[in-house]
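# Structure at a glance
Next come the chains, spelled out residue by residue.
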Amino acid sequence: TAPPPDRFNFARHLIEVNAGRAAKTALIDDAGQLSYGQLADQVQRCSAALNALGLRREDRVLLLMHDCSDWVVSFLGALHAGVVPVCVNTLLTAKDYAYMLADSRAQAALVSAALLPTLQTAMDGTPHEVKQLIVSRSKEPLPAGAHDWTQWVASSEPGTGADTHGDEPAFWLYSSGSTGAPKGTVHTQANLWWTAELYGKGVLRLQESDVVFSAAKLFFAYGLGNALSFPLSAGASVVLMAERPTPQACFRRMTEHQPTVFYGAPTGYGGMLAAPDLPPRSAVSLRLCSSAGEALPRDIGERWTAHFGCEIIDGIGSTEMLHIFLSNRPGDVRYGTTGKPVPGYEVQLRDEDGSVITSHNQIGDLYIQGPSAALMYWNNRAKSRDTFQGPWTKSGDKYLRDPDGYYTYAGRNDDMLKVSGIYVSPFEVEATLVQHSAVLEAAVIGKNDDEGLTKTKAFVVLKPGQQATEAELQAFVKEKLAPYKYPRFIEFVSELPKTATGKIQRFKLRELENQ
Ligand code: 3SK
């Protein structure tokens, strides 16, 4: 695939390629629809409105919104102006946002009304540089000085945008690690184009006739490609949903809007298959489904295909590579594997000495080379150097390759856990549990459920004479951390296995639990 031109702006590019589709539906959200013509108009107005607030190229703005067309317009409007949206997870705490505001030095925040109180808590009393607040879909009067998103966009004439370089920092996504603060992962304008070409068109074969729906939200790298850069590059229509992707919420969109392509994560597929109101095949129009976030158990893939008659294309991507680089292909699905490298990407398995593994079925560390790698982690040279090694990016995952060239997931090489497709650091959960007055120490591991999906389990030692229940400790963690990080199981034990030097031996707990 030939690269995009040096001077490249992804938002302007989308406006150009969809110029002949002005009347076609681009976005369908909970409140209504936006045609491609309306989308182009709003993006250009949003770009000019950002400039009118005094925002200039390379300034950063926080984007904290539930999935809706305002998210898409804000993201593309910022890109169009060369302003850098810092897209953040809507499920986090005020403490997390305070960190991200300080780290990114965002000059403005675009926020859903429902998330404004948490953002305001983050801004109160912590250093930040936010000078402008733009609030989306508020039914209440706004705080003094804040702008209503709809009026703010409408108040500017369409702008011409910035003549950006394709390699220019265009947007950030935060990536979490097992230790330390989340890392602002800096992506370029061209990276969006590369993932749309290589995976969106190359693997999914998205067409203008497709209607796509992603259970993964736009703030995740997976959701951003699924529901924004891929479909809008192909002239397809996108269904956006603000609420949590419960089976019922997904079924409603599948039957109401008849998406042809659905993107989810294994836990979601498992939940839908187990739901009593799973729609029959005749009630939906799915031609293809995609899965990422964690390895898709074979049984879930097979049962889904048997029910709906369409394949789930399991793949793996990363925030650092922006989207999927290793994947099954339509018509060539081997359930239980993650398929083969997506054309345009190269992968290597390396042994403990860093030598490339050429033999089959030997587990090694997965490295990726491809054109959509992030530039760096902001403010974190050490971790940038460790992850972005010249043309290669370290994934942190372990894989093996079979004689036919299919890759199979074999775990992480750090302690990160992926629960429902979202990273959870066991150390963060342990550090929170020990803040409870009754807890002496805790160790958190991944436990496989009956379907082979990872759930967090905490082993907790209570202080002598103290009492606590499983529900109480779960509620305690939910209060202090983003709620999705709470341990799904807690077992009270009298001691934790440790080395002679007192280090907790999590591998022993894992062996016991998953044997
Ligand atoms: O979790 C994944 O496999 C993934 C896929 C696409 C983009 C980002 C990620 C983390």
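Above this text is the structure in question.
Computed from a predicted model, the values in this text were never measured in an experiment.

## Some details on the sheet that holds strand 7 (residues 147-148)
Ordered by their spatial adjacency, 8 strands build an open sheet running 7-6-5-3-4-8-9-19, and the pairing between neighbours is mixed. Sheet topology places strand 7 and strand 19 (376-377) at the edges, where each strand pairs with a single neighbour. Examined bridge by bridge, strand 3 (residues 60-64) and strand 4 (residues 84-87) share 4 bridges and lie parallel to one another. If you follow Leu 62 over to strand 4, its bridge partner there is Val 86.

## Comments concerning the side chain of Asp 96
Here Asp 96 is to be found in helix 4 (residues 94-104). With no salt bridge to any partner, buried Asp 96 finds its closest opposite charge in Lys 485, at an N-O distance of 4.8 Å. Engagement of the side chain of Asp 96 in a polar contact is seen with the side chain of Thr 93, the distance being 2.9 Å.

## Some details on the side chain of Arg 60
Relative to the helices and strands, Arg 60 resides in strand 3. Although Arg 60 is buried, it forms no salt bridge, and the closest oppositely charged side chain is Asp 59 at an N-O distance of 6.7 Å. Separated by 2.5 Å, the side chain of Arg 60 and the backbone oxygen of Ser 104 make a polar contact. Residues within four places of Arg 60 in sequence aside, it is in contact with Val 84, Val 86, Ser 104, Arg 105, Ala 106, Gln 107, Ala 108, Trp 172 and Trp 378.

## What about the sheet that holds strand 11 (residues 237-239)?
Sheet strands pair by backbone hydrogen bonding; their relative direction is either parallel or antiparallel. Taken in spatial order, the 9 strands line up as 2-1-11-10-12-13-14-15-16 in an open sheet, and their pairing is mixed. With partners counted over all chains shown, the strands left at the sheet margins are strand 2 (33-35) and strand 16 (340-341), one partner each. Of the pairings in the sheet, the one linking strand 1 (residues 25-28) to strand 11 comprises 2 bridges and is parallel in character. Bridge pairing links Leu 27 to Val 238 in strand 11.

## Considering the site of the ligand
The ligand sits among Ala 221, Tyr 222, Ala 292, Gly 293, Ile 316, Gly 317, Ser 318, Thr 319, Leu 322, His 323, Ile 324 and Lys 418. Contact between the ligand and Gly 293: an oxygen atom at 3.2 Å from a main-chain N or O atom of the residue. Gly 317 places a main-chain nitrogen or oxygen 2.9 Å from an oxygen atom of the ligand. Across the complex, the protein chains shield 92% of the 280 Å² of accessible surface that the ligand would expose by itself. Of all the elements in the fold, those that place two or more residues in the shell around the ligand are helix 8 (221-234) and strand 14 (312-317). Its residues assigned to classes, the shell around the ligand comprises 6 nonpolar, 5 polar and 1 charged.

## Focus: the nonpolar core
Residues Leu 39, Trp 71, Phe 75, Leu 76, Trp 152 and Leu 232 are the most contacted members of the largest nonpolar core, which totals 81 residues. Within the second largest apolar cluster, 46 residues are counted, among which are Val 86, Val 424, Leu 433 and Leu 481.

## Overview of the packing of aromatic side chains
Ring pairs (aromatic) are described by centroid distance and by the angle formed between their planes. Applying the stated criterion across every chain yields a total of 15 aromatic pairs. Among the aromatic residues, those joined into a ring-pair cluster are Phe 213, Phe 262, Tyr 269, Trp 304 and Phe 308. Residue placement shows Arg 350 over the ring face of Tyr 367; its charged tip is 3.7 Å from the ring centre.

## A few points about the packing of helix 7 (residues 189-201) against helix 8
Where helix 7 meets helix 8, the axes come as close as 9 Å, and the angle between the chain directions of the two elements is 85 degrees. In terms of orientation, helix 7 and helix 8 fall into the roughly perpendicular class. In contact with Leu 192, Thr 195, Ala 196, Tyr 199, Gly 200 and Lys 201 of helix 7, helix 8 contributes Leu 224, Ser 229, Phe 230 and Ser 233. The residue inventory of the contact of helix 7 with helix 8, partitioned by class, reads 5 nonpolar, 4 polar and 1 charged.

## Some points on the pairing of strand 18 (residues 364-369)
Of all 6 residues in strand 18, 5 are buried; the element is thus mostly enclosed. Where strand 17 (residues 346-350) meets strand 18, 5 bridges bridge the pair, whose relative direction is antiparallel. Along strand 18, the bridge assignment pairs Val 347 with Ile 368. Looking at chain direction, strand 18 and strand 21 (residues 392-401) are connected through 5 bridges and run antiparallel.

So, how was this worked out
- Residues numbered from 1 in each chain as written.
- Predicted model: local features only at pLDDT ≥ 70, side-chain atom pairs only at ≥ 80, totals over all residues.
- Heavy atoms only, no water.
- Pairing = 2+ DSSP bridges.
- Helix = DSSP H or I, 4+ residues; strand = E, 2+ residues; numbered from the N terminus.
- Buried < 20%, exposed > 50% of the residue type's maximum accessible area, 1.4 Å probe, protein only.
- Lys, Arg positive; Asp, Glu negative; His and termini not counted.
- Salt bridge = Lys/Arg side-chain N within 4 Å of Asp/Glu carboxyl O.
- Polar contact = N/O pair within 3.5 Å; in protein donor to acceptor, adjacent residues only side chain to side chain.
- Contact = heavy atoms within 4.5 Å.
- Near = heavy atom within 4 Å.
- Areas by Shrake-Rupley, 256 points an atom, 1.4 Å probe, with all protein chains shown as cover.
- Nonpolar A, V, L, I, M, F, W, Y, C, P; charged D, E, K, R; others polar.
- Core = buried A, V, L, I, M, F, W, Y, C linked by side-chain atoms within 4.5 Å.
- Phe/Tyr/Trp six-rings, centres within 6.5 Å; stacked < 30°, edge-to-face > 60°.
- Lys NZ or Arg CZ within 6 Å of the ring centre and 35° of its normal.
- Axes fitted to C-alpha atoms, helices over the stretch in contact; angles between N-to-C directions.
- Parallel < 35°, antiparallel > 145°, perpendicular 65-115°, else oblique.

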